[in-house]
Amino acid sequence: MSGDDIQFSDAMKDPESREQIESFVMYMRIALAPVFNGDPDKLPMNQSYAMTAAALFAGMTAGHMIALGVLNEQDKRRAGQMLLTNFRNGIEIGKREARDAMLKQMPAQGNA
């Protein structure tokens, strides 16, 4: 497999790839749940640390792939663009999830 074979930003369009990516996100949420469900005063900093760690992990994984010959140095630019695109997409997904969670917690407003 070469870097040309890896779909850096279009993986979410393929149902099988999307399912695998969503599984990885779920695993990360499970792993981080004890930290995120801990001291609420530490939550913002812990979330910031988690984002930093995720970016480092992505870079380290790309570095491993380059060292193993799966990707080449030219793929670094595409991988960086993919990371930025997916980060921006993740922001929109996170905003939507937070909004939906807040709406579920609101009391029903009926016209009596």
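Computed from a prediction, not measured in an experiment: that's the story for all the values here.

So, about the confidence of the model for the protein. If pLDDT is low for a region, its predicted coordinates should not be looked at in detail. Residues of the protein with pLDDT of at least 70 account for 86%, and the chain-wide mean is 85. When mean pLDDT is taken per element in the protein, helix H2 (residues 43-67) scores highest with 94 and helix H3 (residues 75-105) scores lowest with 89. Within the model, pLDDT remains below 50 along residues 1-5, and this stretch shows 9 contacts once partners closer than five positions in the same chain are excluded.

Attention now moves to the packing of aromatic side chains. We describe a pair of aromatic rings using the distance from one ring centre to the other and the angle between the two ring planes. As enumerated under the stated definition, the model contains 1 aromatic pair in all. Seen from their ring centres, Phe 24 and Tyr 27 are 6.4 Å apart, and the 50 degrees between their planes marks the pair as tilted. Taken together, the residues Phe 24 and Tyr 27, both in helix H1 (residues 15-36) and 3 residues apart, mark about one turn of the helix. The exposure class assigned to Phe 24 is partly exposed, which follows from its relative accessible area of 43%. Judged by its relative accessible area of 47%, Tyr 27 falls in the partly exposed class.

What counts, and at which threshold
Residues numbered from 1 in each chain as written. Predicted model: local features only at pLDDT ≥ 70, side-chain atom pairs only at ≥ 80, totals over all residues. Heavy atoms only, no water. pLDDT = per-residue confidence, 0-100. Helix = DSSP H or I, 4+ residues; strand = E, 2+ residues; numbered from the N terminus. Contact = heavy atoms within 4.5 Å. Phe/Tyr/Trp six-rings, centres within 6.5 Å; stacked < 30°, edge-to-face > 60°. Buried < 20%, exposed > 50% of the residue type's maximum accessible area, 1.4 Å probe, protein only.

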